[in-house]
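One-letter residues, chain by chain:
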Amino acid sequence: MSLPNEDDMSSSSDTQITSHIFGDLLDSIIVDVASECHRIAKLGLDRNFEEDEEELRLSAQARVRVADPSNSGEANSKYVVDIFGQTHPSVANEVFECMNCGRAIMAGRFAPHLEKCMGKGRKARAKVTRSSTAAQTRQSRGNPASTYSTYSNSNSTSRLSNGTSGVAGEEYSNGALEEP
Amino acid sequence: MRKSVNRPPTPDVMENQGKEPTLQELINIELIDSGEKERLMELLRERLIECGWKDEMKALCRAFIKKKGRNNVTVDDLVHVITPKGRASIPDSIKAELLQRIRAFLVSTAL
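Can you help me understand the overall build of chain A in this one?
Along the backbone of chain A there are 6 helices and 4 strands. Scanning chain A from its N terminus toward the C terminus, one meets helices and strands in the order α-α-β-β-β-β-α-α-α-α. A burial count over chain A gives 22% of its 180 residues as buried. Taking all contacts inside chain A whose residues are at least 6 apart in sequence as the whole, residues at least 24 apart take part in 17%.

Help me understand the overall build of chain B in this model?
Within chain B, the regular secondary structure consists of 6 helices and 0 strands. Secondary structure of chain B in N-to-C order comes out as α-α-α-α-α-α. A burial count over chain B gives 29% of its 111 residues as buried. Long-range pairs, those at least 24 residues apart, make up 76% of the contacts in chain B between residues at least 6 apart in sequence. About 7700 Å² of surface is accessible on chain B, with carbon and sulfur atoms providing 54% of the total.

Would you explain the nonpolar core in this entry?
Where a protein is soluble and globular, its nonpolar side chains tend to be buried together. Membership of the largest hydrophobic core comes to 36 residues, with the highest contact counts inside it found for Phe22 and Leu26 of chain A together with Leu44, Leu48, Trp53, Leu78 and Leu98 of chain B. Taken together, the elements giving at least two residues each to this core come down to α1 (6-43) of chain A together with α2 (23-34), α3 (36-50), α4 (53-68), α5 (75-88) and α6 (92-108) of chain B. Residue contributions to this core peak at 11 residues, all from α1 of chain A. In contact with Leu78 of chain B, other than residues within four places in its own chain, are Ala34, Cys37 and His38 of chain A together with Cys61, Phe64, Ile65 and Val73 of chain B. Formed by 6 residues, the second largest nonpolar core is a distinct cluster that contains Cys98, Phe110, Cys117 and Met118 of chain A.

Hey, could you run me through a nonpolar patch on the surface in this one?
Residues and elements named next belong to chain A. Together, Val91, Val95 and Met106 line one region of the surface with nonpolar side chains, adding up to about 230 Å² of accessible area. Here Met106 lies in strand β4 (residues 104-106). Take Met106: its relative accessible area is 31%, and that puts it in the partly exposed class.

Help me out: how do you make sense of the interface of chain B and chain A in this one?
The parts lose accessible area when they come together, and the size of an interface is often stated as this lost area. Counting from both sides, the interface comprises 37 residues of chain B and, opposite them, 31 residues of chain A. Interface area, chain B with chain A, both sides summed: about 3300 Å², of which 74% is carbon and sulfur. Looking only at chain B, the three residues that lose the most surface to chain A are Gln24, Lys66 and Arg70 of chain B, adding up to 18% of its buried area. The interface formed by chain B and chain A includes 5 salt bridges. Here Lys54 of chain B ties to Glu36 of chain A by a salt bridge, and the two come within 3.2 Å at their closest N and O atoms. Scanning the region where chain B abuts chain A turns up 7 residue pairs in polar contact (both at pLDDT 80 or more). Breaking the side of chain B that touches chain A down by element, the ones donating at least two residues are α2, α3, α4, α5 and α6 of chain B. For the side of chain B that touches chain A, the residue count by class is 21 nonpolar, 6 polar and 10 charged.

Looking at this model, I keep getting lost on the pattern of salt bridges. Mind explaining?
Residues and elements named next belong to chain B. Going through the model one piece at a time under the given rule, you end up with 12 salt bridges over all chains. Of the charged contacts in the structure, one is a salt bridge between Arg39 and Glu36, with a shortest N-O distance of 3.1 Å. With Arg39 and Glu36 both in helix α3, this residue pair falls 3 residues apart, about one helical turn. On the basis of relative accessibility, which here comes to 45%, the residue Arg39 falls in the partly exposed class. In this structure, Lys68 engages Asp77 in a salt bridge whose closest nitrogen and oxygen atoms are separated by 3.4 Å. Accessibility expressed as a relative area gives 36% for Lys68, which makes it partly exposed. Through salt bridges with shared partners, one network takes in Glu46, Arg47, Glu50 and Glu97.

Help me out: how do you make sense of α5 of chain B in this one?
Every α-helix carries 3.6 residues per turn, so stepping three or four residues along brings you back to the same face. Residues and elements named next belong to chain B. With 14 residues, α5 should cover 20 Å at 1.5 Å per step; its first-to-last C-alpha distance of 20 Å lies within 8% of that length. At Ile82, α5 is deflected by roughly 35°, the largest bend along its length, and proline Pro84 occurs up to four residues later in sequence. Every buried residue of α5 is accounted for by Val75, Asp76, Asp77, Leu78, Val79, Ile82, Thr83 and Gly86.

Quick question: what am I supposed to make of the confidence of the model for chain A here?
Detailed reading of the predicted coordinates is not advisable wherever pLDDT is low. Looking at chain A as a whole, its pLDDT mean stands at 69, while 52% of the residues score no less than 70. Per-element confidence in chain A is highest for β4 of chain A, whose mean pLDDT is 88, and lowest for helix α6 (residues 165-174) of chain A, whose mean pLDDT is 45.

Cut-offs used in this document
Along each chain, numbering runs from 1 in the same order as the chain's sequence is written. Note on labels: chains are lettered from A, ligands numbered from 1, in written order. Only residues with pLDDT of at least 70 get local features here, since the model is predicted, and only at 80 or more are side-chain atom pairs given and counted; chain-wide, interface and lining totals rely on the full set of residues. Neither water nor hydrogens contribute to the side-chain values; these are computed over all heavy atoms in the structure. Elements are defined by DSSP. Helices are runs of H or I of four residues or more, strands are runs of E of two residues or more, and each kind is numbered from the N terminus. We call a residue buried when its accessible area falls under 20% of the maximum for its residue type, exposed when it is over 50%, and partly exposed in between, using a 1.4 Å probe and counting protein chains only. Contacts between residues were defined by any pair of non-hydrogen atoms, one from each residue, lying within 4.5 Å. Per-residue accessibility takes into account occlusion by the displayed protein chains alone, with areas from the Shrake-Rupley method and a 1.4 Å probe. Residue types Ala, Val, Leu, Ile, Met, Phe, Trp, Tyr and Cys, when buried and joined through side-chain atoms within 4.5 Å, form a set referred to as a nonpolar core. Each patch is built from residues lacking any salt bridge and having more than 30% relative accessible area; the joining distance is 9 Å for like charges and 5 Å for nonpolar side chains (Val, Leu, Ile, Met, Phe, Trp, Tyr). Should a side-chain nitrogen of Lys or Arg be within 4 Å of a carboxyl oxygen of Asp or Glu, the pair is scored as a salt bridge. Joining two parts hides part of their accessible area as seen by a 1.4 Å probe, and the buried area is that hidden amount summed over both. Counting of polar contacts relies on pairs of N or O atoms within 3.5 Å, with two restrictions inside protein: one atom must be capable of donating a hydrogen and the other of accepting it, and residues adjacent in sequence are counted only when both atoms are side-chain atoms. Throughout, the ten residues Ala, Val, Leu, Ile, Met, Phe, Trp, Tyr, Cys and Pro are labelled nonpolar, Asp, Glu, Lys and Arg are labelled charged, and all others, Gly among them, are labelled polar. Here the expected span of a helix is defined as 1.5 Å times the quantity of residues minus one. The reported bend at a residue is simply the angle between two axes, fitted to the 7 residues ending at it and to the 7 residues beginning with it. Note: pLDDT gives the predictor's confidence per residue, expressed from 0 to 100.

Listed below in structure tokens is the structure:
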């Protein structure tokens, strides 16, 4: 047959047209997606863009920090920066007067000083019994219970020197008393 | 500055005056006028997002951009990157659905 079958032609051209239309739609959508990605890239809106490289860089940094012996952390470093950016020396360096012996003591060394000063330790106690007790007795209006003041903490001692000895006496019954 | 989009030059009005609109063009005009083209586009877009096709294409773009550098990429580049893979990876069911709808439209306009 020399004449082309009209039905065939129209259906095949229909199919052609249909495919062509579909292709058009697809192209438009592809351009949309490409344009969107392009915009995100140019504006730097993709938060995960450099994720892998960032991770690698951070882990490399961390590894360097760990391997470096000079950065050994807070225990050894003298000047640590806290969250406000302030540095504190490892030993508190404010100086004030000890209320017991009247010496100028550094705040960071106050507790050990008091141990010796008030006689908590073994060595100090023997020494203190003779010299400090006399001073305590004078301060506390001769309350015999004050002998035990050397074994109590500084709080009750200061109360002794200022306040009623009766209160101090009660307190001693609760405190750790040791017979000389 | 390099243009991000390569736009074909607008066809000269004089050129087209002698030609008869092709069947294809007529159908295209009908598609647009009736709003069917818009509906078909929305349908296709929705289907492609659902099946993850769009995410795949975006991943391709991101990989390409990472390789080439953010500031050296044009929209054209991305289109060329996506088009072959994009056309090939359309799920058959989606393609069939769209073709079906287009054919139905052609029939309804009795062309």
